[in-house]
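Chain by chain, the residues run as shown.
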Amino acid sequence: MQKLKLKATEIIEHAEPNLSLIGLFGVLGYPVYYLIWTYLYPQPYESLGFRIFCAFLSIPWLVYRELPKRLKELFPIYFFLSLFIVMPYFFSFMMLKNEWSLVWAMSFMAGTFLLTLIIFDWVIILTMTGTGFMAAYATVFFLDGRVSFAYFVPEYIPIFLFSISGGIIANHKRQLAHQSRISLMRSLSGSIAHEMRNPLSAITNAMSTVQAIIPGKPGSGEEKGKFDLSYSGLINIHEVIDESLSTIKRGNKIIDSLLATLQDGIMDINNFKKLSARNTIQTAISTYGYSDINDRKLVIENSSETFDFLGDKDLFIYVLFNLIKNALHYKNKPDFRIEITTKRDSPNNCIRVRDNGPGIPPGKRDVIFDRFYTYGKSGGNGLGLSFCRRVVESFGGSIICNSEEGHWTEFVISLPAYASKPAKDLKKEILQQKKILIVDDQISNRLLLAKYASEWDCPSDQAENGTQALEMLSKTRYDLIFMDFEMPALDGDHTVARLRSSQNIEPSLAPHYMQVPVIGITALPPSEALPRATRCGMNEVISKPIKKQDIKRLFERHFFSETSSISVDQDTILKGSRILLVDDNATSRKFMSMVLQHYGCMTDQAENGQIALKHLEKQDYDLILMDMEMPVMNGLETAVAIRKGDCFRRFRNFRTIPIIALTGNTDKESIEQVKKAGMNQLLGKPVFRDELVATISMWIRNIARTKETDLPAESVPAIEENFREAVEREKVLDHSIIYSLKEIGGDELIISLFEVYKSDSKKIIEEINQAAATGNLRQFDQLMHSLKGSSGSIGANRLFVLSRYLNDFSHRGEWPDTAEWAPVLNSTFSRTIEAMEGILKNLKR
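Within every chain, residues take consecutive numbers counted from 1 along the sequence as written. Thresholds applied to this predicted model are a pLDDT of at least 70 for local features of residues and 80 or more for the giving and counting of side-chain atom pairs; totals over whole chains, interfaces and linings are not thresholded and use all residues. Excluding hydrogens and water, the side-chain values take into account all heavy atoms of the structure.

Engineer: Would you mind showing me how to read the overall build of the protein here?
Structural biologist: Here a strand is any run of E in DSSP of at least two residues, a helix any run of H or I of at least four, and the numbering for each starts at the N terminus. Across its full length, the protein holds 30 helices and 17 strands. Buried, partly exposed and exposed residues are distinguished by accessible area as a fraction of the type maximum, computed with a 1.4 Å probe on protein chains only: under 20%, between the cut-offs, and over 50%, respectively. Every one of the 845 residues in the protein was classed for burial, and the buried ones make up 50%. Contact criterion: two residues are considered in contact whenever any of their non-hydrogen atoms come within 4.5 Å of each other. Residue pairs in contact within the protein that sit at least 24 positions apart in sequence constitute 72% of those at least 6 positions apart. Summed over all atoms, the accessible surface of the protein reaches about 40300 Å², with 56% contributed by carbon and sulfur. Surface exposure here means Shrake-Rupley accessible area, sampled with a 1.4 Å probe, where a residue is shielded only by the protein chains that are shown.

Engineer: What is the right way to read the sheet that holds strand 10 (residues 480-484) from this model?
Structural biologist: Strand pairing within a sheet occurs via backbone hydrogen bonds; the two strands may be parallel or antiparallel. Here, a strand pair is defined by DSSP locating no fewer than two bridges between the strands. If you walk across this open sheet you meet the 5 strands as 9-8-10-11-12, and the pairing is parallel. The sheet is open, and its two edges are formed by strand 9 (460-463) and strand 12 (540-543), each paired on a single side. Between one strand axis and the next, the sheet turns through 20° on average, direction left out of account. Fitting a line to C-alpha atoms yields each axis, with helices limited to the stretch in contact; the angle taken between N-to-C directions then spans 0 to 180 degrees.

Engineer: Whenever I open this one, the sheet that holds strand 4 (residues 338-343) confuses me. Can you help?
Structural biologist: Taken in spatial order, the 5 strands of this open sheet run 2-4-5-7-6, and their pairing is mixed. In this open sheet, the two edge strands, each paired with only one partner strand, are strand 2 (299-302) and strand 6 (398-404). Looking at each pair of strands side by side, their axes are set apart by 15° on average, direction ignored. Helix 9 (residues 277-287) rests against strand 2, strand 4 and strand 5 (348-355) of the sheet, and its axis sits at about 165° to strand 2.

Engineer: Teacher, can you tell me more about the confidence of the model for the protein here?
Structural biologist: Any residue range with low pLDDT should be treated as having predicted coordinates unsuitable for detailed reading. pLDDT runs from 0 to 100 and stands for how confident the predictor is about each residue. On average, the protein scores 80 in pLDDT, and the residues at 70 or more come to 79%. Scored below 50 in pLDDT, residues 190-195 makes 3 contacts in the model with residues more than four places away or belonging to other chains. Residue range residues 704-721 is modelled with pLDDT below 50. Its contacts to residues more than four positions away, or to other chains, number 24 contacts.

Engineer: What exactly am I supposed to notice about helix 27 (residues 735-774) here?
Structural biologist: One turn of an α-helix holds 3.6 residues; hence residues three or four places apart share an orientation. What a helix is expected to span follows from its residue count: subtract one and scale by 1.5 Å. In this model, helix 27 (40 residues) spans only 36 Å end to end at C-alpha, well below the 58 Å of a helix rising 1.5 Å per residue. Given a residue, its bend is the angle between the two axes fitted to the seven residues that end at it and to the seven that start from it. The principal kink in helix 27, of about 120°, is found at Gly745.

Engineer: Would you mind going over the pattern of salt bridges with me for this structure?
Structural biologist: Pairing is possible between side chains of opposite charge, provided their charged atoms come close. When a carboxyl oxygen of Asp or Glu lies within 4 Å of a side-chain nitrogen of Lys or Arg, that pair is called a salt bridge. By the definition in use, this model includes 27 salt bridges. For Glu393, the salt bridge is made with Arg389, and the minimal N-O distance between the two is 4.0 Å. Within this pair, Glu393 and its partner Arg389 are both found in helix 11 (residues 384-394), separated by 4 residues, close to a single helical turn. With relative accessibility at 6%, the residue Arg389 sits in the buried group. Residue Glu837 pairs with Lys758 through a salt bridge whose shortest N-O separation is 2.5 Å.

Engineer: It is not clear to me how the packing of aromatic side chains should be interpreted in this structure. Could you clarify?
Structural biologist: How two aromatic rings sit relative to each other is set out by the distance from centre to centre and by the angle between their planes. Here the aromatic set is Phe, Tyr and Trp, taking the six-membered ring for Trp, and pairing holds for ring centres within 6.5 Å; pairs whose planes are under 30 degrees apart are stacked, those over 60 apart are edge-to-face, and all others are tilted. For the coordinates displayed, the defined rule picks out 36 aromatic pairs. Taken together, a centroid distance of 6.1 Å and an interplanar angle of 70° make the contact between Phe50 and Tyr89 edge-to-face. Of this pair, Phe50 sits in helix 2 (residues 48-57) while Tyr89 sits in helix 4 (residues 69-97), and the two are 39 residues apart along the sequence. Taking the relative accessible area as the measure of exposure, Tyr89 reaches 15% and is therefore buried. Among the aromatic residues, those joined into a cluster by ring pairs are Tyr30, Tyr45, Phe50, Phe84, Tyr89, Phe90, Phe91, Phe93 and Trp104. Whether a charge lies above a ring is judged from NZ of Lys or CZ of Arg, which has to be within 6 Å of the ring centre and within 35 degrees of the ring normal. Directly above the ring of Trp408 sits Arg354, whose terminal nitrogen or CZ lies 4.0 Å from the centroid. Note that Lys424 overlies the ring of Trp456, its terminal NZ or CZ placed 5.4 Å from the centroid.

Engineer: What should I look at first to understand the environment of Ala469 in this one?
Structural biologist: Among the structural elements, Ala469 can be located in helix 14 (residues 466-473). Apart from the residues within four sequence positions on either side, Ala469 is in contact with Leu437, Val439, Ala463 and Thr495.

Engineer: I tried to follow the environment of Lys435 on my own but got confused; where do I start?
Structural biologist: Along the chain, the position of Lys435 falls in the loop between helix 12 (421-431) and strand 8 (436-439). Along the backbone, Lys435 and Thr476 are 41 residues apart, and their C-alpha atoms lie at a distance of 9.4 Å. Here Lys435 is in contact with Pro459, Asp461, Thr476, Arg477, Tyr478, Asp479 and Leu480, once residues within four sequence places are set aside. Any pair of N or O atoms that falls within 3.5 Å is considered a polar contact. Within protein, one atom must be able to donate a hydrogen and the other to accept it, and sequence-neighbouring residues count only if both atoms are side-chain atoms. Looking at Lys435, its side chain comes within polar contact range of the side chain of Asp461, at 3.3 Å.

Engineer: Would you mind showing me how to read the pairing of strand 7 (residues 408-416) here?
Structural biologist: Each regular strand displays side chains that alternate between the two surfaces of the sheet. Taken across its 9 residues, strand 7 has 8 buried, putting it largely inside the fold. The pairing of strand 5 with strand 7 spans 8 bridges and is classified as antiparallel. Bridge pairing in strand 7 places Asn349 opposite Leu415. In this sheet, strand 7 lies alongside strand 6 in antiparallel orientation, the contact comprising 7 bridges. Bridge assignment links Glu404 to a residue of strand 7, and that residue is Trp408. The hairpin turn running from strand 6 into strand 7, its antiparallel successor, is 3 residues long, and Gly406 in that turn takes a positive phi close to 85°.

Engineer: Explain the packing of helix 14 against helix 15 (residues 492-500) to me, please; I cannot follow it from the model alone.
Structural biologist: Two quantities define a packed helix pair, namely the angle between the axes and the distance from one axis to the other. Here helix 14 crosses helix 15 at 20°, and the two axes come no closer than 9 Å. On the basis of their axis angle, the class for helix 14 and helix 15 is roughly parallel. Crossing hand, helix 14 versus helix 15: right-handed. Between helix 14, through Gly466, Ala469, Leu470 and Leu473, and helix 15, the contact on the second element is made entirely by Thr495, Arg498 and Leu499. When residues are sorted by character, Ala, Val, Leu, Ile, Met, Phe, Trp, Tyr, Cys and Pro go into the nonpolar class, Asp, Glu, Lys and Arg into the charged class, and all the rest, Gly among them, into the polar class. Split into classes, the residues belonging to the contact of helix 14 with helix 15 amount to 4 nonpolar, 2 polar and 1 charged. An angle counts as roughly parallel when it lies under 35 degrees, as roughly antiparallel when it exceeds 145, as roughly perpendicular when it falls between 65 and 115, and as oblique in every other case. When the near helix sits turned anticlockwise from the far one by under a right angle, the crossing is termed left-handed; a clockwise turn instead gives a right-handed crossing.

Engineer: When you look at the environment of Asn634 in this model, what are you seeing that I'm missing?
Structural biologist: Here Asn634 shows up in the loop between strand 15 (623-627) and helix 22 (635-644). When the C-alpha atoms of Asn634 and Asp584 are compared, they prove to be 9.5 Å apart, with 50 residues separating the residues in sequence. A polar side-chain atom of Asn634 sits 2.8 Å from the main-chain amide nitrogen of Glu637.

Engineer: Could you clarify how one ought to interpret the pairing of strand 17 (residues 681-684) in this entry?
Structural biologist: Alternating residues of strand 17 divide into Gln681 and Leu683 and Leu682 and Gly684, and every residue in both groups is buried. Taken together, the 4 bridges between strand 16 (residues 659-663) and strand 17 define a ladder with parallel strand orientation. By the bridge assignment, Leu662 is partnered in strand 17 with Leu683.

Engineer: How should helix 11 be read in this particular structure?
Structural biologist: When you tally the buried positions in helix 11, you get 9 out of 11 residues, the bulk of the element. The complete set of buried residues in helix 11 reads Gly384, Leu385, Ser386, Phe387, Cys388, Arg389, Val391, Val392 and Ser394. Immediately downstream of helix 11, the backbone of Gly396 shows phi near 85°, a positive value.

Structure (structure tokens):
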């Protein structure tokens, strides 16, 4: 089957240069010749319906270049079926219906000769011709009850044979010459690639050696915390080396892609990301290797109507490189210029690359995209534009050439909008090649996540605890991991820590798992979950119950964003953030300021808490980094003052702004003091760059989500005053979660999950009441957390909201400050069970 598919693709590629012309001939020729054989030279039999049907079948040939990617994949099958009907079957049928008249005998011979020009394989030609004749013979016999040979003469046979064999031989020789050229290029391609990679490898090694010899970037490795006048110079040297290594990496990718083109390989779509047209064009123009520095002035960019599209940045930059290089061949023409413009349109956006060179004749504008075809210059191999078309079509787009001879040439690249259906289909095709692991001890959470992933065609595996997950991770490569925090056997924190340290991980997988995105899933409040996530190496945290939009957002971030890797991701997250640095040590402030400014942050500095409060009153900040030991007003006193908010008239985010403590004391007592003062996290000195950046990134990334998922502090007094009414305002069940679970496993799954939940939650409620009676706050906290998690995942919305509220108190080491909590909890549980019973009753009917 694979060989047949490759043969079909090869034939389509052979026929493609003339496919539109053949399609046009079919669309117009069949109805036109009806008029000729009916009115000018009347024949015994004609069929307008059959001719219109054949003309209709020819339309996809005419518009082949504009077909969507999915239809192009199916086109080889359609091509053979339609070709069989409109060529051998049609001409055989009409010849037999006209009883072998001379006109139709000649038409049959012309059709057969045309078939030999389209298909070079003599086996397929003879098979299609013979099968078409037999099928036509059977059809005529079925319709008329007989087949007449009234005008048949034996001389037709040698003429037919000569026509078919002559066409096959002539076409076969042309195809052999074409195949010889391809074979030669393929045989040389490996050697050429090897010779190209040798110097690239040497350059890479040399750069890596230089990078190892010179001091590291300030703020990393042994140089962390050291500053001198060479700081900027070191940063620049490292950035130049990093950019050069990135360019070499891009070159290797282009070599691999060109080899794949020569070998008829499939374009790799795994690295397709969301790209900005403007940024990609500007990168291409600025990094192109101009032979003359003045050539850069000839390229004019206008990307005011920018747009996003899905594709590979390196490959698309190469496409632009190729178009720029081809245009610059004519740079000596007076007033020569190249204009690159963008335009948003529906359904496709476009990029136009236009030059005022000599232009291209109409007959050459399609064939210039064929492999090994060159026009207008010597020394080329004819692979550039062919590769460009292949790249653009792999993005779901198209590239065409418009021109006016003697005046201008314009290449128009049409690309699907990022939010369009073709782009979404391409994303699903990419996600089919990914694999995610879902680790959670609650089956309902695992099933929901698996269902949301399957809606994007993304395969997944499941594990119910950390031990089982590590066993699976040690053998299989996963591209994204969802990790619950609280699980039996081995919790999520220790599982991720072991994964990041490569414990018991297959050596070939270890580098991958040091970078793979790990998403924490939890019912814990963000103030507790985020520091835990940072410490163990998770990338971010999402709150239970998990929503469909969470999965879409995570797929976009970690699979389709240019900034999907950990280090680059932090750069994008931090860019534009405003951070307040509070420390009496000027060197420490300078280190943190320079590191954060390098990542695009805006920073202000204060040497003690009193000055920090004045800054907060004047300016809004996203996060505060604060030393614990300072004169005038230390970190603990400042944090308490900020959380109270009494000293502010303008500043309103005093309850929610993240405060990160910096101290040399990381003992248990210091951690408790930090928590009690209202700080969110503690970092031990000396603070290393990676730890600092990772911590700030985590809090900045989750600050918006914290506001959405955590109960705002301002709402607590209202709930306290009207506790029962506030709880009863919440809907008892979240039917969207229940419906999603039903979609996964039907009525049987809902019945099973509800029965388990009823039994388990009843036991938890009893133990909560017992813990309250004995004053065991620690047990109360653990049980309330379990109730919160299970209620959220099953869709018990009111009980989830209530248990989350009560759990917030126990996490702070406090009992709920309303005596109503116990009866409200019990009544809410009873109301939840009643609602579930109603659903179960309907399901069991």
